[in-house]
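The residues making up each chain are set out below.
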Amino acid sequence: MKLNRTTQRTVEILKLVSKDPQGISLDEICERLKLPKTSAYDIVTTLAEMGMVNVDRGVRQRYTIGLTAYRIGIHYTNNLDFIGVLEPELRAFARQTGKTVFFGVRSDHEVVYICKSEPENPIITTATVGSKNPIYCTSLGKAILACSDEETRKQVMGRIKFRKKTEKTILDKESLTAELDKVRKQGYALDARELEEHMECVGAPVFGADGSVLGAISLSSLYKPTEDYEALGCLVAEKAAELSRLLGYLGESE
């Protein structure tokens, strides 16, 4: 069977871009794949226009995998019934706690919301399925990043552009590193009104069968000074551990 050369090159470029969280330049793409620069440029420009890759327009443009490519991958995940395992559990957890439950995964240096389950009388949340938020000021993002391998964590933190969302937003790598250390020790992460002034969220990591962090779940609600967020964190961590077991995770090896 004869393969279409442009299609083949497009797939090769997407695979290459997806492997580098820090992004890859056009010159690097051409060098690694032995492609003419004009051909590679036409392909990545089209991919960027379609949302398959993101363009970081710095001194030297770099490309990272885009949300459209990720959403296509999610359909594959759905076919494996991965989401089918989680959704009924998340719905039950939302009813149990009376809070909005999210499941999210990392997309480069951001979090993408994959599932959302609401209680009977939900509060209005700005996050919707398919939307993204910064990894450094969300409980989902901090839970995922804290439990990622060291190389991934270093690469992702190198791409973060800290921006103030509220008076409580973490704004530097040193503070974020200290926060991630705390998350690993306690087993859950807080978004202590760091993204939205009126919202407090608690998140914990979910692991796949291979032991790698798959994503995270969170509980979101209006901030209440009387809320016991430590107890809430332990509850979320327990639920995340339960979900991990359902997905085949057997726990850390001795």
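Right above here is the structure, for reference.
Because the structure is a prediction, the values reported are computed rather than measured.

K.L.:
Explain the overall build of the chain residue by residue, including any values.
P.N.:
The secondary structure content of the chain amounts to nine helices and nine strands. A compact globule built from 254 residues should have a C-alpha radius of gyration of about 18 Å, and the chain, at 19 Å, falls within 12% of that. Here the chain, with 254 residues, has 46% of them falling under the buried criterion. Here the analysis covers contacts within the chain between residues at least 6 apart in sequence; of these, 57% occur between residues at least 24 apart. Only carbon and sulfur atoms are counted for the fraction: they give 50% of the accessible area of the chain, which is about 13,800 Å². Averaged over its 35 positive side-chain charges, the chain has a centre that lies 6 Å from the centre of its 36 negative ones.

K.L.:
Explain helix α5 (residues 82–97) to me, and be specific about the residues and the numbers.
P.N.:
For α5, built from 16 residues, the straight-helix expectation of 22 Å at 1.5 Å per residue is met to within 8% by its first-to-last C-alpha distance of 23 Å. Among all positions of α5, only F82, I83, L86, L90, F93, A94 and T97 are buried. One side of α5 carries all its buried residues, which in axial view fall inside an arc of 100 degrees. Facing away from the buried side of α5 by over 90 degrees, the exposed positions are R95 and Q96. Just beyond α5, the residue with positive phi is G98, at close to 70 degrees.

K.L.:
Report on the sheet that holds strand β1 (residues 24–25), specifying residues and quantitative values.
P.N.:
Judged by pairing direction, the sheet is antiparallel, and its three strands sit side by side in the order β1-β3-β2 without closing on themselves. Each having just a single partner strand, β1 and β2 (53–56) make up the two edges of the open sheet. Where β1 lies against strand β3 (residues 62–65), two bridges are found, and the strand directions are antiparallel. Bridging across to β3, S25 finds its partner in R62.

K.L.:
Describe the sheet that holds strand β9 (residues 213–222), and please don't skip the residues or the numbers.
P.N.:
The antiparallel open sheet is built from six strands, whose spatial order is β6-β5-β4-β9-β8-β7. The open sheet terminates on both sides in strands that have one partner only, identified here as β6 (132–134) and β7 (189–192). Recorded for the sheet is a direction-independent mean angle of 30 degrees between the axes of neighbouring strands. Note: strand β8 (residues 199–207) against β9, nine bridges, orientation antiparallel. Directly across from V206, in β9, lies its bridge partner G215. Contacting β7, β8 and β9, helix α9 (residues 229–246) runs over the sheet at an angle of about 30 degrees to β8.

K.L.:
How would you summarise unusual backbone geometry if you had to cite specific residues and measurements?
P.N.:
Apart from glycine, the bulk of residues carry a negative phi angle, and the bulk of peptide bonds sit in the trans form. A positive phi is found at K34, a non-glycine position, where the angle reads about 55 degrees. A relative accessible area of 71% places K34 in the exposed class. The residue D108 is not glycine, and still its phi comes out positive at about 60 degrees. Along the chain, D108 turns up in the loop between β4 (100–107) and β5 (110–117). Residue D108 is classed as buried on the basis of its relative accessible area, which comes to 11%.

K.L.:
So, the packing of aromatic side chains: which residues are in play, and what are the values?
P.N.:
To describe a pair of aromatic rings, one takes the distance between the centres and the angle between the planes. Under the definition given, this model contains four aromatic pairs. Consider the rings of F102 and Y113, whose centres lie 5.1 Å apart with planes at 65 degrees: the pair is edge-to-face. In this pair, F102 sits in strand β4 while Y113 sits in strand β5, placing the two residues eleven residues apart along the sequence. Each of the two residues, F102 as well as Y113, counts as buried. Residues Y223 and Y229 carry aromatic rings whose centres are separated by 6.2 Å and whose planes lie at 5 degrees to one another, so their mutual orientation is stacked. You can call Y229 buried: its relative accessible area is 10%.

Scoring rules and cut-offs
- Residues numbered from 1 in each chain as written.
- Predicted model: local features only at pLDDT ≥ 70, side-chain atom pairs only at ≥ 80, totals over all residues.
- Heavy atoms only, no water.
- Helix = DSSP H or I, 4+ residues; strand = E, 2+ residues; numbered from the N terminus.
- Rg over C-alpha atoms; globule rule 2.2 N^0.38 Å.
- Buried < 20%, exposed > 50% of the residue type's maximum accessible area, 1.4 Å probe, protein only.
- Contact = heavy atoms within 4.5 Å.
- Areas by Shrake-Rupley, 256 points an atom, 1.4 Å probe, with all protein chains shown as cover.
- Lys, Arg positive; Asp, Glu negative; His and termini not counted.
- Charge placed at Lys NZ, Arg CZ, Asp CG, Glu CD.
- Expected span 1.5 Å × (residues − 1).
- Arc of directions from axis to C-beta.
- Pairing = 2+ DSSP bridges.
- Axes fitted to C-alpha atoms, helices over the stretch in contact; angles between N-to-C directions.
- Phe/Tyr/Trp six-rings, centres within 6.5 Å; stacked < 30°, edge-to-face > 60°.

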